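Chain by chain, the residues:
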Amino acid sequence: TFTIRLTVTDNRGATGQKVKTIEVLRLFQAINISWTTSVDEGLFRSRYVTDVRWQANPANDRIARIVAYRIWRKKKGEDIQKYRALAQVDGATFFYRDPNVEGMNLYDYTVTSVGEKGNESPIVMAAQESGFSGTMDRTRVPVPPRADRH
């Protein structure tokens, strides 16, 4: 909330003043942002993937309809200004899988909200990783049988 004071002076020195309080609305980031990194193992190769999850921020309900969420990533230990846009999903989606992870526990993630007029919430807080316990989750990905095998 801001208080605006306008004072006008005419060419004869008479003044008038008006004071008004205004509320500046902005969008808010998603809440309860969490992620887990795991090894996605196939028959011939393994890769690291990170699943990012979040919830809608109820503070946005009175401001705008959220039409998208933007997922951001930076390397651990870097400043908040180093976040780079990674992906965007629609406003009814609360999950994103990052398939380009180089290893365990290398990145921090955050999620911003995008309103119907294109306004985006600022990154005002870095999300904290949850789910990494120092051990790797191993997920076996089923590989279909090759056609040349009988």
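Relevant structure appears above.
Quantities reported herein were computed from a predicted structural model and do not represent experimental measurements.

Student: Is there a simple way to think about the overall build of the chain in this case?
Tutor: Helices and strands together make up the secondary structure of the chain, namely zero helices and nine strands. In the chain, the order of α-helices and β-strands from amino to carboxyl end is β-β-β-β-β-β-β-β-β. For the chain, the residues scored as buried account for 29% of the 150 residues in total. Sequence-distant contacts, at least 24 apart, represent 63% of the contacts inside the chain between residues at least 6 apart. As displayed, the chain offers around 10300 Å² of accessible surface, 50% of which is attributable to carbon and sulfur atoms.

Student: Explanation requested: the sheet that holds strand E6 (residues 84–90) in the structure shown.
Tutor: Working definition: the strands of a sheet are paired by backbone hydrogen bonds and lie parallel or antiparallel to each other. One open sheet accounts for three strands, arranged E6-E5-E8; its pairing is antiparallel. At either end of the open sheet lies a strand with only one pairing partner, and these are E6 and strand E8 (107–115). The mean inter-strand angle of the sheet, taken between neighbouring strand axes irrespective of direction, is 25 degrees. Here strand E5 (residues 66–75) pairs with E6 via six bridges, running antiparallel. Note that in E6 the partner of Trp-72 across the bridge is Ala-85.

Student: How should I be thinking about the nonpolar core in this particular structure?
Tutor: As a rule of thumb, soluble globular proteins bury nonpolar side chains together. Ile-33, Val-52, Trp-54, Tyr-69, Ile-71, Tyr-109 and Val-111 are the most contacted members of the largest nonpolar core, which has 16 residues in total. Contact partners of Val-52, with chain neighbours within four places excluded, come to Ile-33, Ser-34, Trp-35, Phe-94, Phe-95, Tyr-96, Tyr-109 and Val-111.

Student: Before we go on, may I ask you to explain the pattern of salt bridges in this structure?
Tutor: One pass over the structure, following the stated rule, counts seven salt bridges. Between Asp-40 and Arg-47 there is a salt bridge, and its shortest N-O distance comes to 3.1 Å. Classification of Arg-47 as partly exposed rests on a relative accessible area of 28%. The salt bridge partner of Arg-73 is Asp-98, with a shortest N-O separation of 2.8 Å. Of this pair, Arg-73 sits in strand E5 while Asp-98 sits in strand E7 (residues 95–101); the two residues are 25 residues apart in sequence, bridging distant segments of the chain. Here the two residues Arg-73 and Asp-98 agree in accessibility, since each one is buried. What you see here is one network of salt bridges that share partners, running through Lys-74, Lys-76 and Asp-108.

Student: Please explain a nonpolar patch on the surface as it appears in this structure.
Tutor: A contiguous nonpolar surface patch, about 360 Å² in accessible area, is contributed by Phe-2, Ile-4, Ile-22 and Val-24. When you line up the elements, Val-24 lands in the loop between strand E2 (15–22) and strand E3 (31–41). Overall, Val-24 belongs to the exposed group, its relative accessible area being 53%.

Student: Got a minute to help me understand unusual backbone geometry in this structure?
Tutor: It is generally the case that most residues other than glycine have a negative phi and that most peptide bonds are trans. Phi is positive for Asn-32, close to 50 degrees, though the residue is something other than glycine. As for its position among the elements, Asn-32 is in strand E3.

Student: Could you clarify how one ought to interpret the environment of Phe-95 in this entry?
Tutor: Checked against the element boundaries, Phe-95 lands in strand E7. C-alpha separation for the pair Phe-95 and Val-52, spaced 43 residues apart in sequence, amounts to 5.6 Å. Residue contacts for Phe-95: discarding those within four places in its chain leaves Asp-51, Val-52, Arg-53, Trp-54 and Val-89.

Student: Before we go on, may I ask you to explain the pairing of E3 in this structure?
Tutor: Across nine bridges, the pairing between E3 and strand E4 (residues 46–55) is antiparallel. Following the sheet pairing, Ile-31 is matched in E4 by Gln-55. The antiparallel hairpin formed by E3 and E4 contains four residues in its connecting segment.

Calculation rules
Residues numbered from 1 in each chain as written. Predicted model: local features only at pLDDT ≥ 70, side-chain atom pairs only at ≥ 80, totals over all residues. Heavy atoms only, no water. Helix = DSSP H or I, 4+ residues; strand = E, 2+ residues; numbered from the N terminus. Buried < 20%, exposed > 50% of the residue type's maximum accessible area, 1.4 Å probe, protein only. Contact = heavy atoms within 4.5 Å. Areas by Shrake-Rupley, 256 points an atom, 1.4 Å probe, with all protein chains shown as cover. Pairing = 2+ DSSP bridges. Axes fitted to C-alpha atoms, helices over the stretch in contact; angles between N-to-C directions. Core = buried A, V, L, I, M, F, W, Y, C linked by side-chain atoms within 4.5 Å. Salt bridge = Lys/Arg side-chain N within 4 Å of Asp/Glu carboxyl O. Patch = residues over 30% accessible without salt bridge, like charges linked within 9 Å, V, L, I, M, F, W, Y side chains within 5 Å.

Distances and angles like these do not, on their own, reveal function.
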